[in-house]
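Here are the chains, one letter per residue:
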Amino acid sequence: AAKTSGDTCRRHTAELDDTADEQARLGAELRTALDTGQFRMVYQPIVELPHGRLRAVEALVRWDHPERGLISPDRFIPAAEHNGLIIELGEWILRTACAQAVEWQADWGPRAPERTSVNVSARQLAQPGFAALVERVLDETGMPVGRLTVEVTETAVFGGGQALQTLNDLHDLGVRIALDDFGTGHSSLGLLQTVPVDVLKVDKSFVDNITMAGRHAVIATALIRVSEGLGLTAVAEGVETAEQAAELYRLGYQLAQGYHFGRPVAEPDFAAEVVVATP
Ligand code: C2E
Ligand code: CA
Ligand code: CA
Ligand code: CA
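Residues numbered from 1 in each chain as written. Chains lettered and ligands numbered in written order. Predicted model: local features only at pLDDT ≥ 70, side-chain atom pairs only at ≥ 80, totals over all residues. Heavy atoms only, no water.

## A closer look at the overall build of the protein chain
For the record, the criterion: Here a strand is any run of E in DSSP of at least two residues, a helix any run of H or I of at least four, and the numbering for each starts at the N terminus. When we talk radius of gyration, it's over C-alpha atoms, and the globule rule is simply 2.2 Å times the number of residues to the 0.38. For every residue, the accessible area (1.4 Å probe, protein chains only) is compared with the maximum for its type, and the residue is labelled buried under 20%, exposed over 50%, or partly exposed between those bounds. The contact criterion used throughout is that any non-hydrogen atoms of two residues lie within 4.5 Å. Neither His nor the chain ends is counted toward charge; the positive residues are Lys and Arg and the negative residues Asp and Glu. To locate a charge, the coordinates of NZ of Lys, CZ of Arg, CG of Asp or CD of Glu are taken.
Scanning the protein chain from N- to C-terminus turns up 13 helices and 9 strands. Taking 19 Å as the expected radius of gyration for a compact globule of 279 residues, we find that the protein chain reaches 18 Å, a close match to that expectation. For the protein chain, the spread of C-alpha atoms along the principal axes amounts to about 50 × 40 × 40 Å. A burial count over the protein chain gives 49% of its 279 residues as buried. Considering only contacts within the protein chain whose residues lie at least 6 apart along the sequence, 68% involve residues at least 24 apart. Each charge sign in the protein chain was given a centre, from 24 positive and 39 negative side chains, and these centres are 3 Å apart.

Structure below.
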């Protein structure tokens, strides 16, 4: 059974039984969680190599459960997708992240992150009204469209249909589109021919062993060349060491994200630790 007193996502992820039963239980509690405000946003810096200057942030959701403590999105996003509450949760996430970006802009001016990335799930993209919703939220929060990046996984886009239509509509609005966990899907390169992409987020798995000559380094090199050739922006994900950052920079990567540069943190820690502290 799940323990209820742990304090970190990692611990909970390890302790909770990864069963359909657990998913169902979390899913059933999502409604209450939304109604009683149990979700929080944390923000992770996306920085410029090699010096680490703050350029953008990725907004990541957390569930601050009254008994279980912090629950990782890897555990509840699938449940929210399954029961459809991701639509409502996703709107809250988008609104909260945009409102935060506008506040930083007001407080920090040019020192504020230029762009905010928000993760959008397959089910949201499949909603015919999603692009209109984004437009409304930008309007209501005062967020300039050019400052928003939407991160989608390859699987969410694969299959085309409404998801592709939504991405085209968002792109026409001026929202930037990032392909998340790039390189891990079934048709990564194929998608670049059909999806209006601006940013490739090169998956952590290619960064992990990049300092050892081998497959990872070869793939990371190929991906930066593809990105450059297509005029896209590449972001290396999951950078944990100075050695990885140096090697990525040597390969031509200009942007990176990972624990080496900063973990995801909530406000007001983000302003205090990241905005003030980065060069
Ligand atoms: P993702 O979009 O690929 O987000 C990156 C994940 O990697 C985050 O986990 C982040 O905390 C973690 N990470 C960042 N740097 C490092 C590093 O250097 N080392 C390691 N080991 N991990 C690092 P998180 O916040 O637990 O989110 C997990 C996944 O849940 C996300 O993967 C995303 O797919 C989903 N997710 C998170 N927030 C949202 C959201 O607001 N909406 C939706 N639809 N999905 C979300
Ligand atoms: Ca992401
Ligand atoms: Ca990712
Ligand atoms: Ca991921």
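After that view, the rundown keeps rolling.
## Things to note about the coordination of the calcium ion (ligand 4)
In plain terms, the rule: Atoms are scored as donors when they are N, O or S and lie within 2.8 Å of the metal, with 3.2 Å used for Na, K and Ca; no water is included, so coordination may look incomplete.
Summarising the metal site, the calcium ion (ligand 4) is bound by the protein donors D181 (OD) and D181 (OD), whose distances to it range over 2.9 to 3.0 Å. Between the calcium ion (ligand 4) and the calcium ion (ligand 3), the interatomic distance is 3.7 Å, and D181 donates to each metal, bridging them.

## Section: the coordination of the calcium ion (ligand 3)
Within the first shell, the calcium ion (ligand 3) binds the protein through D180 (OD), D181 (OD), E237 (OE) and E237 (OE), at distances of 2.2 to 2.6 Å. Taken in sequence order, the residues that donate to the calcium ion (ligand 3) follow the motif D-D-x55-E. Taken as a pair, the calcium ion (ligand 3) and the calcium ion (ligand 2) show a spacing of 4.0 Å, with D180 coordinating each metal. A residue pair is termed long-range when its members are at least 10 positions apart, and D181 in strand 6 (residues 176-182) and E237 in the loop between strand 8 (233-236) and helix 12 (242-251) qualify at 56 residues. With a relative accessible area of 10%, E237 lands in the buried category.

## What about the nonpolar core?
Condition: Within this scheme, the nonpolar core is defined by two criteria: the residues are buried Ala, Val, Leu, Ile, Met, Phe, Trp, Tyr or Cys, and they are joined through side-chain atoms within 4.5 Å.
With 78 residues, the main nonpolar core has F39, L148, V152, L170, L179, Y253 and F270 as its most contacted residues. When residues in this core are grouped by element, the largest group, 8 residues, is from helix 4 (residues 86-108). Here F39 is in contact with L30, A33, L34, V61, R62, W63, F76, L89 and W92, once residues within four sequence places are set aside. By size, the runner-up hydrophobic cluster in this structure holds 6 residues, among which are I46, A56, V199 and L255.

## Points about the site of ligand 1
The cut-off we apply is this: Residue proximity to a molecule or strand is established when one non-hydrogen atom of the residue lies within 4 Å of it. Contacts described as polar in this section are N or O atom pairs within 3.5 Å, which, within protein, must combine one atom able to donate a hydrogen with one able to accept it, while residues neighboring in sequence count only if both atoms come from side chains. Only the protein chains shown count as cover for residues, with accessible areas throughout obtained via the Shrake-Rupley method and a probe of 1.4 Å.
The local shell around ligand 1 holds 22 residues, among which Q44, R62, D180, E240 and Y259 are the closest. Note that an oxygen atom of ligand 1 is positioned 2.8 Å from one of the backbone N or O atoms of Y259. Protein chains shield 82% of the accessible area of ligand 1, which is 800 Å² for the free molecule. Of all the elements in the fold, those that place two or more residues in the shell around ligand 1 are strand 2 (53-65), helix 3 (73-83) and strand 6.

## Details of unusual backbone geometry
A cis amide bond links L49 with the next residue in sequence, P50, at an omega value of 0°. Along the chain, P50 falls in the loop between strand 1 (39-48) and strand 2. With an omega of 5°, the peptide bond between E267 and P268 qualifies as cis. Looking at where P268 falls in the secondary structure, it is placed in the loop between strand 9 (255-256) and helix 13 (269-275). Its identity as a non-glycine residue notwithstanding, D181 has a phi of 50°, on the positive side. Accessibility expressed as a relative area gives 28% for D181, which makes it partly exposed.

## What about the packing of aromatic side chains?
Put simply, the rule is: Each aromatic pair joins two rings of Phe, Tyr and Trp (for Trp, the six-membered one) with centres within 6.5 Å, and gets the label stacked for planes under 30 degrees apart, edge-to-face for over 60, and tilted for any other angle.
Following the criterion strictly, the structure yields 7 aromatic pairs and no others. Here F39 and F76 contribute two aromatic rings whose centre-to-centre distance is 5.6 Å and whose plane-to-plane angle is 50°, an arrangement assigned as tilted. With F39 in strand 1 and F76 in helix 3, the pair connects residues that are 37 residues apart, well separated along the chain. Exposure remark for F39: the relative accessible area of 5% places this residue in the buried category. Its relative accessible area of 0% is what places F76 among the buried residues. Geometrically, the ring pair formed by W104 and F270 is tilted, given 4.6 Å between the ring centres and 35° between the ring planes.

## Quick look at the layout of surface pockets
Using a probe with the size of a water molecule, rolled over the atoms, empty space left in the structure can be pinpointed. Where we set the bar: Cavities and pockets were defined on a 1 Å grid built over protein atoms only: a cavity is a set of grid points that admits a 1.4 Å probe from which the probe cannot escape, a pocket is an open set flanked by protein on both sides within 12 Å along at least five of seven lines, and lining residues are those with an atom within 4 Å of any such point. Grid points are joined across faces, edges and corners, and a volume is the space filled by probe spheres set on the points. Residues are grouped as follows: Ala, Val, Leu, Ile, Met, Phe, Trp, Tyr, Cys and Pro are nonpolar; Asp, Glu, Lys and Arg are charged; every other residue, Gly included, is polar.
Taken as a whole, the second largest pocket encloses approximately 190 Å³ of empty space. A56, R115, R176, T233 and L255 are the residues nearest the centre of the second largest pocket, which is lined by 15 residues in total. At the level of secondary structure, the elements contributing two or more residues to the lining of the second largest pocket comprise strand 2, strand 4 (115-119), strand 5 (148-153), strand 6, strand 7 (199-202) and strand 8. Across the lining of the second largest pocket, the residue classes break down as 6 nonpolar, 3 polar and 6 charged.

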